[in-house]
Amino acid sequence: MQIVTTISVWLIPCIILVILLTAVWRKIPAYEEFVEGGKEGLKMSISLLPFLLGMMVAISILRSSGALDAFIGLLQPFLEKVGFPAEITPLALIRPISGTAALSVTSEMIELYGPDSFLGRLASTMQGSTDTTLYILTVYFGAVGIKKMGGDALKVGLIADFIGIIVSVIVVSWMFL
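All of these numbers come straight from a predicted model, not from anything done at the bench.

What to know about the pattern of salt bridges
Phase 1: Under the defined criterion, the tally for this structure stands at one salt bridge.
Phase 2: Between D116 and R121 there is a salt bridge, with its nearest N and O atoms 3.8 Å apart.

Remarks on the nonpolar core
Phase 1: Counting 21 residues, the largest nonpolar core has F84, I88, L91, I94, M109, L122 and M126 as the members making the most contacts within it.
Phase 2: Elements represented by at least two residues in this core include exactly α3 (67–82), α4 (89–94), α5 (99–113), α6 (118–129) and α8 (152–176).
Phase 3: The contacts of M109, once residues within four sequence positions are left out, are E87, I88, G114, L119 and A123.

Considering helix α7 (residues 133–143)
Phase 1: Where α7 is concerned, the buried positions are T133, L137, V139 and G142.
Phase 2: One or two residues past the end of α7 sits G145, with phi positive at roughly 85°.

Concerning the packing of α7 against α8
Phase 1: Contact geometry of α7 with α8 gives a least axis separation of 9 Å together with a crossing angle of 150°. In terms of crossing hand, the pair formed by α7 and α8 is right-handed. On the side of α7, the interface is formed by T133, L134, L137 and F141, while α8 contributes A153, L154, G157, L158 and D161.
Phase 2: Residues that form the contact of α7 with α8 fall into these classes: six nonpolar, two polar and one charged.

Considering the packing of α5 against α6
Phase 1: Two numbers describe how α5 lies on α6: the axes approach to 8 Å, and their chain directions differ by 165°. Relative to α6, the element α5 lies roughly antiparallel. Taken as a pair, α5 and α6 cross one another with a handedness that is left-handed. Residues G99, A102, L103, T106, M109, I110 and Y113 of α5 form the contact with α6, whose participating residues are L119, G120, A123, S124 and Q127.
Phase 2: Among the residues making up the contact of α5 with α6, the classes are represented as seven nonpolar, five polar and no charged.

Calculation rules
Residues numbered from 1 in each chain as written. Predicted model: local features only at pLDDT ≥ 70, side-chain atom pairs only at ≥ 80, totals over all residues. Heavy atoms only, no water. Salt bridge = Lys/Arg side-chain N within 4 Å of Asp/Glu carboxyl O. Core = buried A, V, L, I, M, F, W, Y, C linked by side-chain atoms within 4.5 Å. Buried < 20%, exposed > 50% of the residue type's maximum accessible area, 1.4 Å probe, protein only. Helix = DSSP H or I, 4+ residues; strand = E, 2+ residues; numbered from the N terminus. Contact = heavy atoms within 4.5 Å. Axes fitted to C-alpha atoms, helices over the stretch in contact; angles between N-to-C directions. Left-handed = near helix turned anticlockwise from the far one by under 90°. Nonpolar A, V, L, I, M, F, W, Y, C, P; charged D, E, K, R; others polar. Parallel < 35°, antiparallel > 145°, perpendicular 65-115°, else oblique.

Take a look at the structure:
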């Protein structure tokens, strides 16, 4: 565990150092490029606001209506048979939709079970091993003006999320049980 801690402490500063050294070596004005990227990011964030608002309203309705809890109740017997912890199901379902909602679920789980518990570690691993597929497709495809995204991007994204969820359970079970 000590080696993982050491790597995690030094990895990001080393990556930043490599980027800066590469910029100096190639004579790229790193600070100016950073500022220009910040300007573009601000413009992009303003154009994304309508899409974000739509996703946030949809997620709020899903959680507040009790539809998410009802769906989890239907899945619970099957999940128990295949060895998937029922407590992690809300995170697995909400993560492809919203990163903020998933972070809220993860925080609740860590508060309830503890950060060093099996479920706390599983929630943290799942949070980092999956992505917000529907959010990404809605926001980024909308931002560049794609009206019909086709099914391939959605299929691949959801398959990747499913694999991330399953592998999270396997790896955390293997390492911590």
